[in-house]
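Observations on chain architecture
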Amino acid sequence: MEEKTRKEYIQNLEKLQGKVAAMGELARAAVEKSLTALFAGDTALAKSVMKGDDAIDDAIVEIEDDCILLIAKQQPIAHDLRVIATGFKISTDIERIGDHAFDIARTAKELEAPIPAGCVPLLRELGDAALWMVEAAMRCYREKDLSLADQVRKKDTEMDTLFEKAFYGLSNIAESPEERGRVTQLFFIARFLERIGDHSVNIAEWVIYLETAERIRHTKASSAPGR
Amino acid sequence: MGKKMEVRDLNLFYGTHQALFDVSIGAEEHQVLALIGPSGCGKSTFLRTLNCMNDRIDGVRIEGDISLDGEDIYAKDTDLTLLRRRVGMVFQRPNPFPMSIYDNVAYGCRVHGITDKAKLDEIVERSLRQAAIWEEAKDRLKGSALGLSGGQQQRLCIARVLAAAPEVLLMDEPCSALDPISTMKIEELVAELKSSFTIVMVTHNMQQAARVSDSTAFFLNGRLIEQGATDDMFTRPKDKKTEDYITGRFG
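Report on the accompanying structure. (Residues numbered from 1 in each chain as written. Chains lettered and ligands numbered in written order. Predicted model: local features only at pLDDT ≥ 70, side-chain atom pairs only at ≥ 80, totals over all residues. Heavy atoms only, no water.)

Of regular secondary structure, chain B possesses 10 helices and 10 strands. Whereas a compact globule of 251 residues would reach a radius of gyration of roughly 18 Å, chain B reaches 18 Å, a difference of no more than 12%. Projected onto the principal axes, the alpha-carbon positions of chain B cover approximately 55 × 40 × 35 Å. Carbon and sulfur atoms make up 48% of the accessible area of chain B, which totals about 11300 Å². Side-chain charges in chain B split into 31 positive and 36 negative, and the spacing between the mean points of these groups amounts to 3 Å. (Helix = DSSP H or I, 4+ residues; strand = E, 2+ residues; numbered from the N terminus. Rg over C-alpha atoms; globule rule 2.2 N^0.38 Å. Areas by Shrake-Rupley, 256 points an atom, 1.4 Å probe, with all protein chains shown as cover. Lys, Arg positive; Asp, Glu negative; His and termini not counted. Charge placed at Lys NZ, Arg CZ, Asp CG, Glu CD.)

The structure is reproduced here in structure tokens:
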């Protein structure tokens, strides 16, 4: 086998993927900490999550700049082009996940006390599912694990069910006038967690596109072409 | 890193025809400077001024300053042989001598009086390795250079230049006669060579300039329109003419 050409270019594509993975880890950790802050009523932790969002915003700018330079200078095609296209798209989803973690942390800070006991199991279930989805989506990106990508897509159905359950559960608790104000804020948290799940599905679908060149967005998990 | 070569207010005339107008440009040490522009824009003429190769053409007149490590290369006492050893040139078409691979690389050294076999062997191997052709050539060093493929011949010609231990490499469209894979090999080689040399490359291929160079200079009608970091030139050129050229809107 002859020595490969374009070593620097190939290294830069690998670096780009490393940066996307590192950004994903920042967002995953932010989601995890925001949930801990919420359940523990830990305002200091909530503030640190909010502060940490700047690092995620800086990361996306750096990734976008790298993508633009690679397109302008290297004329990427085929898989290389998909590495860059998905670098753009996945980093956007990660940035949104980071924003939702920020929103959850801000709500945790504003609540200033542990949330009503009855709400905890509803949100914990939803939070665990969202956290699993982010972690799995980023692992399938790092390891190019397409069966895991499928699992993330399928998990979204469960996520929708949990969201519905949380929505009605919170509605019942909100019937009590003294809890109404605080529980209203928890509705938003349920929505943020559900959105985190949606962005994780997007990431998983972009990984499938990266590896197979198949566009499967907006199709059901079970009806993806050739899968 | 400082400027290895610097050109100030260069004007060049072929008889009464002016080919270059007030060109000022610098080549940073250990970087690749790409010269781009449409045919006839003056980029090859400019390249040849960097090792005084236009002097052989009748009626050429040159005004301005060109320095190598701060010394004027057009000074009356410049030793042209020494200058061309320090500033080597690789041409558009591979032009190996009709002799063996070994003798092609050793040729310049012999001209400069090196006859010691062990020393020559060392230089030949080092140069062929630097030019990334040693593995392909090592078992056929005594074979004719003309038996090599075009891409191999071009790398051999680069090895021949490197044998003279230059400081600056001038490359005049070094890939224009090569297939895509050979082109990529030369580009890879350029990326490696810049750690040891300063490289100025003329290319018709804008994508090649984008891929291999650290800074890019755009020439049009004998004038330097813009020079800047390649990252900037290909994402946010300052001059509309540069943008039109690199995006293929005229040529």
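Attention shifts here to the overall build of chain A. For chain A, the count of helices and strands is six helices and zero strands. The order of helices and strands in chain A, counted from the N terminus, is α-α-α-α-α-α. A compact globule built from 227 residues would reach a C-alpha radius of gyration of about 17 Å, and chain A, at 19 Å, matches this within 12%. Principal-axis analysis of the C-alpha atoms places the extent of chain A at approximately 70 × 40 × 25 Å. The buried share of chain A, taken over its 227 residues, is 48%. Restricting the contact set of chain A to residue pairs at least 6 apart, pairs at least 24 apart contribute 80%. Total accessible area on chain A is roughly 10800 Å²; 53% of this is exposed by carbon and sulfur atoms. (Buried < 20%, exposed > 50% of the residue type's maximum accessible area, 1.4 Å probe, protein only. Contact = heavy atoms within 4.5 Å.)

This brings us to the side chain of Thr49(B). When you line up the elements, Thr49(B) lands in helix H1 (residues 43-49). In contact with Thr49(B), other than residues within four places in its own chain, are Leu10(B), Leu12(B), Asn54(B), Ile62(B), Ile66(B), Ile73(B) and Tyr74(B).

So, on to the interface of chain A and chain B. Taken together, the contacts link 11 residues of chain A with 12 residues of chain B. Taken together, the two surfaces of chain A and chain B that pack against each other cover about 1100 Å², and 54% of this comes from carbon and sulfur. Seen at the junction of chain A and chain B, the total is three salt bridges. For Glu192(B), the salt bridge identified is with Lys7(A), shortest N-O distance 3.2 Å. Of all the secondary-structure elements, those providing two or more residues to the side of chain A that touches chain B are helix H1 (7-40) and helix H2 (43-74) of chain A. Class assignment of the residues belonging to the side of chain A that touches chain B gives a composition of three nonpolar, three polar and five charged. (Buried area = accessible area lost by both parts, 1.4 Å probe. Salt bridge = Lys/Arg side-chain N within 4 Å of Asp/Glu carboxyl O. Nonpolar A, V, L, I, M, F, W, Y, C, P; charged D, E, K, R; others polar.)

Residue and element names in this part refer to chain B. Here eight bridges tie strand E1 (residues 3-14) to strand E4 (residues 60-68), and the two strands are oriented antiparallel to one another. The residue bridging Leu12 from the neighbouring strand is Ile62, located in E4. Summarising the sheet, E4 and strand E5 (residues 71-72) pair through two bridges and their orientation is antiparallel. Across the sheet, Leu68 pairs through a bridge with Glu71, a residue of E5. (Pairing = 2+ DSSP bridges.)

Let's shift gears to unusual backbone geometry. Residue and element names in this part refer to chain B. One non-glycine residue, Asp69, adopts positive backbone phi at about 50°. Summarising the element assignment, Asp69 is placed in the loop between E4 and E5. A positive phi angle, close to 50°, is found at Asn221, a residue other than glycine. Within the secondary structure, Asn221 sits in the loop between strand E9 (215-220) and strand E10 (223-229).

Take the pattern of salt bridges next. Residues and elements named next belong to chain A. The full count for this structure, using the stated rule, is 31 salt bridges over all chains. The salt bridge involving Arg28 is made with Glu32; its shortest N-O contact spans 3.1 Å. Taken together, the residues Arg28 and Glu32, both in helix H1 and four residues apart, mark about one turn of the helix. We classify Arg28 as buried; its relative accessible area is 17%.

Attention shifts here to the side chain of Gln154(B). Residues and elements named next belong to chain B. Take Gln154: it is sitting in helix H6 (residues 150-162). Its relative accessible area of 0% is what places Gln154 among the buried residues. Polar side-chain contacts of Gln154 include one of 2.9 Å to the backbone oxygen of Phe91. Contacts of Gln154, omitting those with residues within four sequence positions, involve Val90, Phe91, Gln92, Arg93, Pro94, Pro174, Leu178 and Ile186. (Polar contact = N/O pair within 3.5 Å; in protein donor to acceptor, adjacent residues only side chain to side chain.)

To continue, consider the environment of Arg28(A). Residues and elements named next belong to chain A. It is 8.6 Å that separates the C-alpha atoms of Arg28 and Met138, two residues lying 110 residues apart in sequence. When sequence neighbours within four positions are dropped, the list of residues in contact with Arg28 reads Leu131, Val134 and Glu135. Within the local environment of Arg28, its side chain forms a polar contact with the side chain of Glu25, the two groups lying 3.0 Å apart.

Another point: the packing of aromatic side chains. Enumeration over the complete set of coordinates arrives at eight aromatic pairs over all chains. Taking 4.8 Å as the distance between ring centres and 55° as the angle between the ring planes, the aromatic pair formed by Phe97(B) and Tyr107(B) counts as tilted. Placement of the pair is Phe97(B) in the loop between strand E6 (87-90) and helix H3 (101-111) and Tyr107(B) in helix H3, with a sequence separation of 10 residues. Through pairs of rings, three or more aromatic residues link up here, namely Phe163(A), Phe167(A), Tyr168(A) and Phe187(A). Over the face of the ring belonging to Tyr209(A) we find Arg82(A), whose NZ or CZ atom lies 6.0 Å from the ring centre. Sitting over the face of the ring of Phe39(A), Arg124(A) holds its NZ or CZ atom 4.3 Å from the ring centroid. (Phe/Tyr/Trp six-rings, centres within 6.5 Å; stacked < 30°, edge-to-face > 60°. Lys NZ or Arg CZ within 6 Å of the ring centre and 35° of its normal.)

The next thing to look at is the environment of Glu14(A). The residue Glu14(A) is located in helix H1 in this model. Spatially, the C-alpha atom of Glu14(A) lies 9.0 Å from that of Val83(A), the residues being 69 residues apart in sequence.

With that out of the way, let us pick up helix H3 (residues 78-111) of chain A. Its 34 residues give H3(A) an end-to-end C-alpha distance of 49 Å, which sits within 8% of 50 Å, the value for a rise of 1.5 Å per residue. Positive phi appears at Glu112(A), one or two residues downstream of H3(A), with a value of about 60°. (Expected span 1.5 Å × (residues − 1).)

Let us now look at the packing of H6(B) against helix H7 (residues 180-193) of chain B. All names here are of chain B. At a minimum axis separation of 9 Å, H6 and H7 run at an interaxial angle of 20°. Here H6 lies roughly parallel to H7, going by the angle between them. H7 is crossed by H6, and the crossing has right-handed handedness. Residues Gly151, Gln154, Arg155, Ile158 and Leu162 of H6 form the contact with H7, whose participating residues are Ser182, Lys185, Ile186, Leu189 and Leu193. (Axes fitted to C-alpha atoms, helices over the stretch in contact; angles between N-to-C directions. Parallel < 35°, antiparallel > 145°, perpendicular 65-115°, else oblique. Left-handed = near helix turned anticlockwise from the far one by under 90°.)

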